[in-house]
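Here is how the chains run, residue by residue.
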Amino acid sequence: MTKQGIVLLLISALLITGCATTGTTSAGEPPTAPRNVKEWLNQKSRPKKGAIVGALIGAVAGAAVAGIRGENVLVGAVAGGAAGALVGFLVGKSQDKKYASRDEAVRVAHYDTSQGYVVRVEEVRFDPVRPRPGQNANLYVRYLVIGPDPNENIKVRMFRGLKYGEEYVVGAGPNEFTVTNGGGIVESTIPVTIPAKAPQGTYGLEALLEDPDGRFSQVIGSGSLYLAA
């Protein structure tokens with residue numbers, strides 16, 4: 001059998017396996033792309049083994065294309081399977097603290113009680129700013145929340161995500177934190193272990209805030225991470 005025939009046979013086998021392990025909707029159609037990290041986390045078709053199979057399919061697809069073009073098959077497989085290194089992100093436990101009072105939040109946001117509830121993400125970043133593959137880093141989110149009643153406790157639910165290109169590669173949540181005395185400014189950090197073979201490049205960061213009691217609408221903040229080699 002030719003080299004091209006071998007790689008095409010492999011990709012066919014993996015595609016069959018992938019269909020068996022990745023989910024579909026009740027109508028038998030593939031799930032729609034998630035609009036945010038919360039939807040991605042809630043999708044039942046996102047088991048880790050499905051992600052691994054997807055990475056293997058990518059690797060063999062790269063090999064198939066390289067073989068057909070007469071290029072080096074190993075190099076093609078490595079390029080196609082870059083997503084495989086993204087499976088190893090590990091996320092720890094969130095730590096949240098209110099570091100500024102409602103009065104400070106009111107000053108920062110130029111708030112007036114006629115505005116009702118005001119919630120916004122002030123910053124999303126990694127600490128250190130440019131971690132390297134194999135390092136531990138903290139995903140940092142700072143947000144502001146204010147309610148009209150200075151005596152009210154406001155519960156905030158957060159989801160966090162990391163994207164490579166257009167695909168989510170890791171997510172965390174829901175994480176809930178109660179902001180006392182009508183609001184304030186909150187800092188939230190969560191430790192992340194970066195895979196040693198994670199591809200170099202720019203990653204998108206996302207923080208989604210919502211109120212489990214429905215007092216304010218979902219708010220999304222974003223940032224970026226450049227992962228150096």
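The structure displayed is predicted, hence computed values, not measured ones.

Caption draft 1: Representation of the pattern of salt bridges within the structure. Under the counting rule described, the total for this entry stands at 13 salt bridges. Measuring nitrogen to oxygen at the nearest pair gives 2.6 Å for the salt bridge that ties Arg-142 to Glu-123. Of this pair, Arg-142 sits in strand E4 (residues 136-146) while Glu-123 sits in strand E3 (residues 118-127), placing them 19 residues apart in sequence. Looking at Arg-142, the relative accessible area reads 19%, which means it is buried. With a relative accessible area of 26%, Glu-123 lands in the partly exposed category. The salt bridge partner of Glu-210 is Arg-157, with a shortest N-O separation of 3.1 Å. A residue pair is termed long-range when its members are at least 10 positions apart, and Glu-210 in strand E8 (residues 201-210) and Arg-157 in strand E5 (residues 154-164) qualify at 53 residues. Through salt bridges with shared partners, a single ionic network connects Lys-38, Lys-155, Arg-157, Glu-176 and Glu-210.

Caption draft 2: Unusual backbone geometry, seen in detail. Residue Pro-128 is bonded to the preceding Asp-127 through a cis peptide linkage, with omega at 5°. Mapped onto the elements of the fold, Pro-128 is located in the loop between E3 and E4. Geometrically, the link from Gly-173 to Pro-174 is a cis peptide bond, its omega value of 5° lying close to zero. Note that Pro-174 resides in strand E6 (residues 167-179). Residues other than glycine seldom take positive phi values, yet His-110 does so here, at roughly 50°. By secondary structure assignment, the location of His-110 is in the loop between helix H5 (102-109) and E3. Residue classification places His-110 among the exposed positions, given a relative accessible area of 69%. A positive phi angle, close to 55°, is found at Asn-181, a residue other than glycine. When you line up the elements, Asn-181 lands in the loop between E6 and strand E7 (183-193).

Caption draft 3: Structural view of the packing of aromatic side chains. Following the criterion strictly, the structure yields 3 aromatic pairs and no others. Consider the rings of Phe-89 and Tyr-203, whose centres lie 6.4 Å apart with planes at 65°: the pair is edge-to-face. Residue Phe-89 is located in the loop between helix H4 (73-80) and strand E1 (90-91), and its partner Tyr-203 is located in strand E8; the two are separated by 114 residues in the primary sequence. Assigned by exposure class, Phe-89 and Tyr-203 land together as buried. A connected cluster of aromatic rings, assembled from ring pairs, spans Phe-89, Tyr-164 and Tyr-203. Of note, Arg-125 hangs over the ring of Tyr-140, and the distance from its end group to the ring centre comes to 4.2 Å. If you follow Lys-163 out to its NZ or CZ, it ends over the ring of Tyr-168, 4.7 Å from the centre.

Rules of the game
Residues numbered from 1 in each chain as written. Predicted model: local features only at pLDDT ≥ 70, side-chain atom pairs only at ≥ 80, totals over all residues. Heavy atoms only, no water. Salt bridge = Lys/Arg side-chain N within 4 Å of Asp/Glu carboxyl O. Helix = DSSP H or I, 4+ residues; strand = E, 2+ residues; numbered from the N terminus. Buried < 20%, exposed > 50% of the residue type's maximum accessible area, 1.4 Å probe, protein only. Phe/Tyr/Trp six-rings, centres within 6.5 Å; stacked < 30°, edge-to-face > 60°. Lys NZ or Arg CZ within 6 Å of the ring centre and 35° of its normal.

Purely spatial values, then, with no claim about function.
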